[in-house]
Amino acid sequence: RALAAALSVLVGAVLMTLVMQAAKRGLTGLEWGAGVPGTLGGAVRGNAGSMGSDMTAILASAEIITRHGEKKTLTKEECDFSYRNSSMKKNKDTVLRATMELSVGKAEEIQKTVKENLSKKPDNVVFGLLDFLHFLHLNLSCLFSLDCAL
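As the structure is a prediction and not an experimental result, all values here were calculated from the model.

### Concerning the side chain of Ser86
At step 1: Within the secondary structure, Ser86 sits in the loop between strand 6 (71-75) and helix 3 (87-91).
At step 2: A polar atom in the side chain of Ser86 sits 3.1 Å from the backbone nitrogen of Lys89.
At step 3: Those residues in contact with Ser86 that sit more than four places away from it in its chain are Val44, Arg45, Cys79, Asp80 and Phe81.

### Focus: the confidence of the model for the protein
At step 1: The predicted model of the protein averages 84 in pLDDT, with 79% of residues at 70 or higher.
At step 2: Summarising per-element confidence for the protein, the mean pLDDT is lowest in strand 8 (residues 144-148) (45) and highest in strand 6 (98).
At step 3: This model gives residues 134-150 a pLDDT under 50, and the stretch forms 35 contacts once residues within four places in sequence are excluded.

### Here we look at unusual backbone geometry
At step 1: For Asn47, which is not glycine, the phi dihedral falls at a positive 50°.
At step 2: On the secondary structure map, Asn47 appears in the loop between helix 2 (40-45) and strand 3 (49-50).
At step 3: The class for Asn47 is buried, based on a relative accessible area of 2%.
At step 4: Residues other than glycine seldom take positive phi values, yet Met51 does so here, at roughly 55°.
At step 5: Mapped onto the elements, Met51 comes out in the loop between strand 3 and strand 4 (53-54).

Thresholds applied
- Within each chain, residue numbers correspond to sequence positions counted from 1 in written order.
- Side-chain atom pairs in this predicted model are given and counted only at pLDDT of 80 or more, local residue features only at pLDDT of at least 70, and totals for whole chains, interfaces and linings cover all residues.
- For side-chain calculations, the full set of non-hydrogen atoms in the structure is used, while hydrogens and water are omitted.
- Note on conventions: DSSP H or I runs of at least 4 residues are helices, E runs of at least 2 residues are strands, and numbering of each starts at the N terminus.
- Within 3.5 Å is the distance limit for a polar contact, defined as a pair of N or O atoms, with the added protein rule that one can donate a hydrogen and the other accept it, and that residues adjacent in sequence qualify only through two side-chain atoms.
- Contacts between residues were defined by any pair of non-hydrogen atoms, one from each residue, lying within 4.5 Å.
- pLDDT expresses, on a scale from 0 to 100, how confident the predictor is about each individual residue.
- Buried means the residue's accessible area, taken with a 1.4 Å probe over protein chains only, is under 20% of the maximum for its type, while exposed means over 50%, and partly exposed covers the values in between.

Quick look at the structure:
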C-alpha cells in the first residue's frame, strides 16, 4: 500500500468520528475502527483493532510525554506494538498526537465498508457509541490536519 496521505490527529478525537470523517474524505485504512468505542489516544496506546486490522497497520508515529515529563516522537517500531499493547502502555506514557499513513480511495466504497463493519457490531455497542458521539458534538475539522501527497 503506497502512502497517499499522512493524517495527524490530536488523540482526544473520538475514534468513530475519525473513521467517519476519513471515509467521507476518501481516506482508507481506518475502516476497522467502525464501532470501536473510545478515543484515538486509547486506540494508539492499547493497539486497538477489529475486523482483522489494528493501529499497527496505519500508525506512522506517536507524539508522547513520558512519565518523566520528556516530550518525544516515537516511530511505529519504537511503539513496540503487540496484541492490545504498546511501549506507551507498558511505560505509562501519555499519547498526545498520532500520525497515520492512509491511502486515497473512493469515498463511497470506503463509507460502504464502514457501514458493513458497523453492522457487524452488537447493537449495544453501536447505540452506546452513537449516544456518546451525539453528546460530544465533536467538530473534527479543528482536531486534525491533513496533508495529502497525491
